[in-house]
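What the coordinates show
Now for the letters of each chain:
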Amino acid sequence: MAPRLLLALWGVLAACGASAWSPGTATFYGGADGSGTMGGACGYGNLYNAGYGVNNAALSTVLFNDGASCGQCYAITCDTSRSGGQYCRPGNTVTVTATNLCPPNYALPAGGWCGPGRPHFDMSQPAWANIGVVQAGIVPVQYQQVKCSRSGGVRFGIAGSNYFLLVSVQNLGGSGAVGAAWVKGDKTGWIQMSRNWGANWQALAGLVGQGLSFAVTSTGGQYIQFLNTAPAWWQFGQTYSTYQNFYY
């Protein structure tokens, strides 16, 4: 019980902005309208439909954490005190959601800006333009994880097959990321799911023809049951919205 309470406390502190600022770097990709950032290693697909929009970023390996950081929010500000700071837009801060992985480029020394151990954000160009001059290409930043504010409830995108369920959990508020997930059919008890990749969680269960409920614990430690999320006639490829969301 104590570890769970500590996890919840950490989530509340992080949601309140109590985490410290850390140094990193930032570049941009995806074009002036951010359309090239759709999809990505978190598996959200169309980021507007998933609730995230254009203020998004691909995280370097050390921040991405094998997909566990998908959906988390980061406040990023340009650091005028470091080399390259002359290209900052001073005093501006932008909040982005982690939606993709920026992998190392081993054709470059030490894997490039997204090489192992380097905290780096490859941001959508519209988000990046809030803090840096586009012609610069890269700027030094300070970042911290912050509470995510979302519009509407958590969404569940369903894929898979007759005996395999793959669920994309989207639009989380609070900590923004999923720590654990369960699914329940009309004729089953709660079935614990496991992370498949990114924000996609799997269950090896045949649930076609049953209404579906979900339960999620955020990485902040908050637990919510989403009862009767999808009707018995749900279909693969559809996304089902709820009216509940996370605070931490």
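Further up the page is the structure itself.
The sections below set out a description of the structure shown in this document. (Residues numbered from 1 in each chain as written. Predicted model: local features only at pLDDT ≥ 70, side-chain atom pairs only at ≥ 80, totals over all residues. Heavy atoms only, no water.)

Notes on the state of the cysteines
As used in these notes, a disulfide is a covalent bond between sulfur atoms, one from each of two cysteines. Under the counting rule described, the total for this entry stands at four disulfides. Cys42 shares a disulfide with Cys70; S-S distance 2.0 Å. The sign of the S-S torsion, about -90°, decides the handedness of the disulfide formed by Cys42 and Cys70: left-handed. With Cys42 in the loop between strand E1 (22–29) and strand E2 (56–60) and Cys70 in the loop between helix H2 (61–64) and strand E3 (73–78), this pair connects stretches of sequence that are 28 residues apart. Of the two residues examined, Cys42 and Cys70, each falls in the buried class. (Disulfide = S-S within 2.5 Å. Helix = DSSP H or I, 4+ residues; strand = E, 2+ residues; numbered from the N terminus. Buried < 20%, exposed > 50% of the residue type's maximum accessible area, 1.4 Å probe, protein only.)

Notes on empty space enclosed by the protein
As enumerated under the stated definition, the model contains two cavities of 30 Å³ or more in all. Its boundaries defined by the atoms lining it, the largest cavity holds a volume of some 40 Å³. Around the largest cavity sit Tyr44, Tyr52, Gly67, Cys70, Val169, Leu172, Gly176, Ala177, Val178, Arg195, Gly198 and Ala199, which together line it. Residues of the lining of the largest cavity, tallied by class, amount to eight nonpolar, three polar and one charged. (1 Å grid on protein atoms, 1.4 Å probe; cavity = no way out; pocket = protein on both sides within 12 Å on 5 of 7 lines; lining within 4 Å. Points joined across faces, edges and corners; volume = space filled by probe spheres on them. Nonpolar A, V, L, I, M, F, W, Y, C, P; charged D, E, K, R; others polar.)

Description of the environment of Phe121
Here Phe121 is to be found in strand E5 (residues 120–124). Taking C-alpha positions, Phe121 is 9.9 Å from Asn100, a pair spaced 21 residues apart along the chain. Here Phe121 is in contact with Thr25, Ala26, Thr27, Ala57, Ala58, Leu59, Leu63, Tyr74, Ile76 and Tyr143, once residues within four sequence places are set aside. (Contact = heavy atoms within 4.5 Å.)

Examining the pairing of strand E6 (residues 139–146)
With seven of its eight residues buried, E6 lies for the most part within the structure. Note: E3 against E6, six bridges, orientation antiparallel. Bridging from a neighbouring strand, Ile76 pairs with Tyr143 of E6. (Pairing = 2+ DSSP bridges.)

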